[in-house]
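Chain and residue survey
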Amino acid sequence: MATIDIGKAGALHGGHEHHGSYLEGKGGIWSTIWDWMTTVDHKKIGMMYLVAILVMFFFGGMAAIMVRLELWEPTRAVAGGFEGNILGHMFGEGANLGKSNEFYNRVMTIHGIIMVFLVIVPSVPASLGNFLLPLMLGAKDVAFPRLNLASWYVYLFGSLFAILSLLSYGVDTGWTFYTPYSTTTDEGHVRVVWMVTAAFILGFSSIFTGLNFVVTVHKLRAPGMGWFDMPLFVWGIYGAAIIQVLATPVIGITLLLLLFERFFHIGIFDPRLGGDPVLFQHFFWFYSHPVVYVMILPGMAIINELIGAGSRKKIFGYRAVAFSTLAIAGISFIVWGHHLFTSQGEVASVVFSALTFLVAIPSAVKVFNWIATLYKGSIILTTWMLYALSFLFLFSIGGLTGLFLGSLAVDLHLHDTYFIVAHFHYVMMGGTIIAFIGGIHYWWPKMTGRMYNELAGQIGCALVFIGFNATFFPQFFMGSRGMPRRYASYVTEYQFWHQFSTIGSWILAAGLFLHLFNFIASLVNGRKAPANPWGALTLEWTHASSPPIEHNFEHEPVVTHGPYDYDTVLPAQTKPGDYVLPRPAAGGAAHH
Amino acid sequence: MMDTILTLAETVRAEKGGGLLHRFSFGHVGNSTQAYETEWLYIFIVWVNIISFIVVMGPMFWFVFKYHRSKQATNYQQSASHNTPLELAWSIIPLLVLVPIFFWGFEGYLSKLASPSDAEEIQIKASMWNWEATYRNGAQPHPRDYVKIMESDLEVPLIVVPQDRPVRLIMHSSDVLHSFFVPDFRTKMDVTPNRYTSMWFEAREVTLRGDEGTWYRRLPNGKRDFVGHKVFCAEYCGNQHSEMAAGLVVLTREEYAQKLEEWLNPYSEGMSPREIGEIAYKKRACNTCHSIDGQRNTGPTWKNWYGYEHAYADGQKRMVDENHLRENILYSQKTLVAGYPSSMPVYAGVLKDIEVNGLIEYIKSLSDRGPYKDAPQ
């Protein structure tokens, strides 16, 4: 008969001296604030990152809503309405914007820069990764706690430059900073310089985090935890961290060259001085393409945990998933040329096209593995599991539509149209952000010690799913019909699709706000969370309380089962009946 | 495997652009010889997408339904957590599907890049924010033939190309990156400032004229629709990026030759400076940023600009006279008008003298304090 793994429960509320949760205040309000500001606890740093990233996500999202509103009409629609108020001042120097594209171009740029540099790149690794990596490895903290805190301050410092640039009227270069426009626009103003500096500084924050994680994974795994005993979340974060460390210096150098070009006219990108603007594109995408995988690998990492716990199954083909992570990380460095298929029409594009198709395979393998994991599972449709299934749905669309763009002849038509906009939103938002929201729900009880309202969560998830598809699916058709991206005004035939998309963005926003209120309500008076509400088997659930104590574990955990051994181990539950878990099949050997 | 793929490809190819999926994706059949290749490859990939999506999502929904926890007894079934033949199969089969997509894409790319040697060559100069075409005899699109392709009344150049003859565009930019995109021909190419890029196409059908011999027809909703092909700029190039457009129509060879003769001399003998200015206003794309009816745009309106005092970015107020206009036109960055972006290019060395004089005269004619104030408009 199956044995219920009660042994671990002792570690949770055994007869040891009382250790306070990491969230407990340190005396007065000021000393608590000081404690948070100077903390080297990975959990607190992760939470601070989470809050900062969500705040930035809010601003980036508002910019997106404004972009969609502006596109309601073929000619400029709403900008004139901001005359005289603070937005009008920020984006129009107090002038009437009714007939100018400046508002749209700047808001579109703000949306891109915030979402890429301030939200998606740090999102999962810096917040959930920071919080969970040591817990999952059974460590007390990351390898370099002070470096970790430094990365948070560097992030803040970088954001400060971005905000300064925004407050002084923002930039209109697009998030890609393509030369020679970016070296010549706004001559005599520093705002472009500030924005580029922001991206440059944020790169360091990214490198710090990545380096920290690589070392932590190599050095701080608990006794008994081999490489293939690690949760796949750790594998995903590890793959992303390697790319961060290797690729980010390239964007640092590139942005520095861009600044030199602006200040000293060194003539590396500026054609008037004999430079080559296409060289900038090569440099830029040599970083920015691998970074696409810095964004998506952690999203995939989360999905592993959600699918495993939601279907109570061993992840199908663990090693294949782990190795495909490394394969993606590796190939991601040699596909950047597919962003330049229309730049000059070089035959080298053929190589990049072939490699692009190659990188599709490990991504597809992961999806197949997750679907196979569901087979004969015991599936529960909690909010986070719904998000995991949404991810599979949306990411499949995102990945499959990549085939159009990797195919050279078709790309010549679709390049720089709304088709690509739809495609990368399906990957970046439908992939990473959807996984991120799912992950926040899944680990919310662990991070805050409170349960959220399940029904509100599920309704929110449904709204986000419907809203997301309504927003971005029409954009595929707009793109194949020839609507170019980054257009403040457009020809009338696209209006129907644009309005469809704009209405979708409202539904999407409603879903996200519902989640926000749900989380706030949970913090205010949510039910206290048990240590392991989902009955998962990774260390943060089995060996740490909700929320964890300051040093994570009472004792250094010893790993006795795999992260997904749902077929043999029934985890301890603090309150039986919280969730009815199916028992492992007869003959399964639980430890102890 | 390959047989199945090729059969599917043949089925898609046979659809000849009339299918529902095709109409939904593109609106109508593209009007160039290469468009067809691109369209059928696109439709082929759509089918690969649909089938793959069903293959992946079908089991997912089925498993979620079948293995939902509410259907489980206390004990649940176990299944293998790994299966090498299956895993190999789902790595290799997708790869096989991707091979033809890659190959046909590669083939189509080369045929879009390599133009026939007997192509009609047209030079395209891109600048912020204008497409300037120059034909082999030196002719350039004449402003009287400019067209409105957007809802606004902005007039953009009309580029004409001959039917049944390959056309090669040799393109360069005078400032930042642009991209010449003709959606109906299903192709585009970036235009860069440091080297020539080129693209080519061969239009299949002559553009049929719309209502009353114009290039427009009325839509049921009363809106004006341009019947030719739209040309967009697809690489972000600053403020008026979305207004950097052109119309393109396909003419018979005779009409084409005739048009090129007509367009040879935009400023003919005996034109007044004001008339020259009016032509230059559109030809040099001043109209992209400056209105003549008092509306604000990226640049200030020209209505009542001359003869009035205006605030400049350096805090001074200046009375606008001929010398001021000349300086503002040729060296736009020297004195900037307050409240507007500094995005106007430098026109010294670009404009001819008669154009500068003409533009000044034209601006004067738009002011009620100018010499033209009593002249009938």
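1. So, the overall build of chain B
- Secondary structure summary: chain B contains eight helices and 13 strands in total.
- The C-alpha radius of gyration computed for chain B amounts to 28 Å, which surpasses the reference 21 Å derived for 377 residues by more than 25%, pointing to a less compact arrangement than a globule.
- Summarising its shape, the C-alpha atoms of chain B cover approximately 95 × 55 × 45 Å along the three principal directions.
- Every one of the 377 residues in chain B was classed for burial, and the buried ones make up 40%.
- Taking as baseline every contact in chain B between residues at least 6 positions apart, the subset at least 24 positions apart corresponds to 63%.

2. Observations concerning the sheet that holds strand E11 (residues 245–251) of chain B
Residues and elements named next belong to chain B.
- The strand order across the open sheet formed by five strands is E3-E11-E10-E5-E6, and the pairing between neighbours is mixed. With partners counted over all chains shown, the strands left at the sheet margins are strand E3 (158–162) and strand E6 (187–191), one partner each. Each neighbouring strand pair of the sheet contributes to a mean axis angle of 25 degrees, computed without reference to strand direction.
- In terms of strand pairing, E3 meets E11 through five bridges, oriented parallel. Residue pairing across strands places Leu158 opposite Gly247, the latter belonging to E11.
- On the sheet, helix H5 (residues 253–262) packs against E3 and E11 and is oriented at approximately 135 degrees with respect to E3.

3. Brief notes about the nonpolar core
- Counting 276 residues, the largest nonpolar core has A:Val234, A:Tyr293, A:Leu306, A:Ala388, B:Ile45 and B:Val231 as the members making the most contacts within it.
- The element that contributes the greatest number of residues to this core is helix H5 (residues 102–137) of chain A, accounting for 23 residues.
- Not counting residues up to four positions away in its chain, the partners in contact with A:Ala388 are A:Ile303, A:Leu306, A:Ile307, A:Gly310 and A:Gly438.

4. Some thoughts on the interface of chain A and chain B
- Facing 83 residues of chain A, the contacting portion of chain B comprises 83 residues.
- Taken together, the elements giving at least two residues each to the side of chain A that touches chain B come down to H5, helix H10 (277–311), helix H12 (349–374), helix H13 (383–406), helix H14 (408–414) and helix H16 (454–480) of chain A.
- Ranked by residues supplied to the side of chain A that touches chain B, first place goes to H12(A) with 13 residues.
- Residue composition of the side of chain A that touches chain B, by class: 43 nonpolar, 27 polar and 13 charged.

5. Let's talk about helix H8 (residues 191–219) of chain A
- Compared with the 42 Å implied by 1.5 Å per residue over 29 residues, the 43 Å span of H8(A) between its first and last C-alpha is a close match.
- Counting buried residues along H8(A), 22 of its 29 residues qualify, which places the element largely inside the surrounding structure.

6. Things to note about the packing of helix H3 (residues 33–66) of chain B against helix H4 (residues 84–113) of chain B
Residue and element names in this part refer to chain B.
- Two elements in contact, H3 and H4, have axes separated by 10 Å at closest approach and are oriented at 165 degrees. Relative to H4, the element H3 is oriented roughly antiparallel. The hand of the H3/H4 crossing is left-handed. When H3 is examined against H4, the residues Gln34, Glu37, Thr38, Leu41, Ile45 and Val48 are found in contact with a partner set consisting of Val97, Ile101, Trp104, Gly105, Gly108, Ser111 and Lys112.
- For the contact of H3 with H4, the residue count by class is six nonpolar, five polar and two charged.

7. Thoughts on the pairing of strand E5 (residues 178–182) of chain B
Residue and element names in this part refer to chain B.
- Across the five residues of E5, five count as buried, placing the element largely inside the fold.
- Every second residue of E5 is oriented toward a common face, with His178, Phe180 and Val182 on one face and Ser179 and Phe181 on the other, all of them buried.
- Here E5 pairs with E6 via five bridges, running antiparallel. Counterpart to His178 in the pairing with E6 is Val191.
- Where E5 hands over to E6, the hairpin turn is made up of four residues, of which Arg186 adopts a positive phi near 60 degrees.
- As defined by bridge partners, E5 adjoins strand E10 (residues 229–233) across two bridges and the pair is classed as antiparallel. In the strand pairing of E10, Phe180 is matched with Cys233.

8. Focus on the packing of H12(A) against H4(B)
- The N-to-C vectors of H12(A) and H4(B) enclose an angle of 155 degrees; their axes lie 10 Å apart at closest approach. It follows from the interaxial angle that H12(A) and H4(B) lie roughly antiparallel. With respect to the hand of their crossing, H12(A) and H4(B) are arranged in right-handed fashion. Side by side, H12(A) and H4(B) meet where A:Ser349, A:Val350, A:Ser353, A:Ala354, A:Phe357, A:Ala360, A:Ile361, A:Ala364, A:Val365 and A:Phe368 of the first sit next to B:Trp90, B:Ser91, B:Pro94, B:Leu95, B:Leu98, B:Phe102, B:Gly105, B:Phe106 and B:Tyr109 of the second.
- Residue composition of the contact of H12(A) with H4(B), by class: 15 nonpolar, four polar and no charged.

9. Considerations on the environment of B:Lys230
- By the element assignment, B:Lys230 lies in strand E10.
- Along the sequence, B:Lys230 and B:Ala245 sit 15 residues apart, while their C-alpha atoms lie 7.3 Å from each other.
- Once you skip the residues sitting within four places of it in the chain, B:Lys230 turns out to touch A:Val491, B:Ile149, B:Pro183, B:Ala245 and B:Gly247.

10. Focus on the environment of B:Glu278
- Within the secondary structure, B:Glu278 is located in helix H6 (residues 273–283).
- Taking C-alpha positions, B:Glu278 is 9.0 Å from B:Glu361, a pair spaced 83 residues apart along the chain.

11. Concerning the confidence of the model for chain B
Residue and element names in this part refer to chain B.
- When pLDDT is averaged along chain B, the result is 87; 93% of the residues meet or exceed 70.
- The least confident element of chain B, judged by mean pLDDT, is helix H1 (residues 2–14) at 67; the most confident is E5 at 96.
- The complex model carries a pTM of 0.90, and its ipTM stands at 0.89.

12. Section: the sheet that holds strand E1 (residues 120–127) of chain B
All names here are of chain B.
- Taken in spatial order, the four strands line up as E2-E1-E4-E7 in an open sheet, and their pairing is mixed. Unpaired on one side and paired on the other, strand E2 (130–134) and strand E7 (197–201) mark the two borders of the sheet. The sheet shows a mean angle of 25 degrees between the axes of neighbouring strands, taken without regard to direction.
- Pairing of E1 with strand E4 (residues 167–173), which is carried by seven bridges, proceeds in the parallel orientation. Its bridge partner being in E4, Ile122 is matched across the sheet by Leu169.

13. Re the domain arrangement of chain B
- Parsing chain B into structural domains produces domain 1 (2–71 + 81–113), domain 2 (120–262) and domain 3 (273–365).
- Here domain 1 of chain B and domain 3 of chain B have C-alpha centroids that lie 54 Å from each other.

How each quantity is defined
Residues numbered from 1 in each chain as written. Chains lettered and ligands numbered in written order. Predicted model: local features only at pLDDT ≥ 70, side-chain atom pairs only at ≥ 80, totals over all residues. Helix = DSSP H or I, 4+ residues; strand = E, 2+ residues; numbered from the N terminus. Rg over C-alpha atoms; globule rule 2.2 N^0.38 Å. Buried ≥ 20, exposed ≤ 12 C-beta atoms within 10 Å, placed from the backbone. Contact = placed C-beta atoms within 7 Å. Pairing = 2+ DSSP bridges. Axes fitted to C-alpha atoms, helices over the stretch in contact; angles between N-to-C directions. Core = buried A, V, L, I, M, F, W, Y, C linked by C-beta atoms within 7 Å. Nonpolar A, V, L, I, M, F, W, Y, C, P; charged D, E, K, R; others polar. Expected span 1.5 Å × (residues − 1). Parallel < 35°, antiparallel > 145°, perpendicular 65-115°, else oblique. Left-handed = near helix turned anticlockwise from the far one by under 90°. pLDDT = per-residue confidence, 0-100. Domains from an automatic or database assignment.

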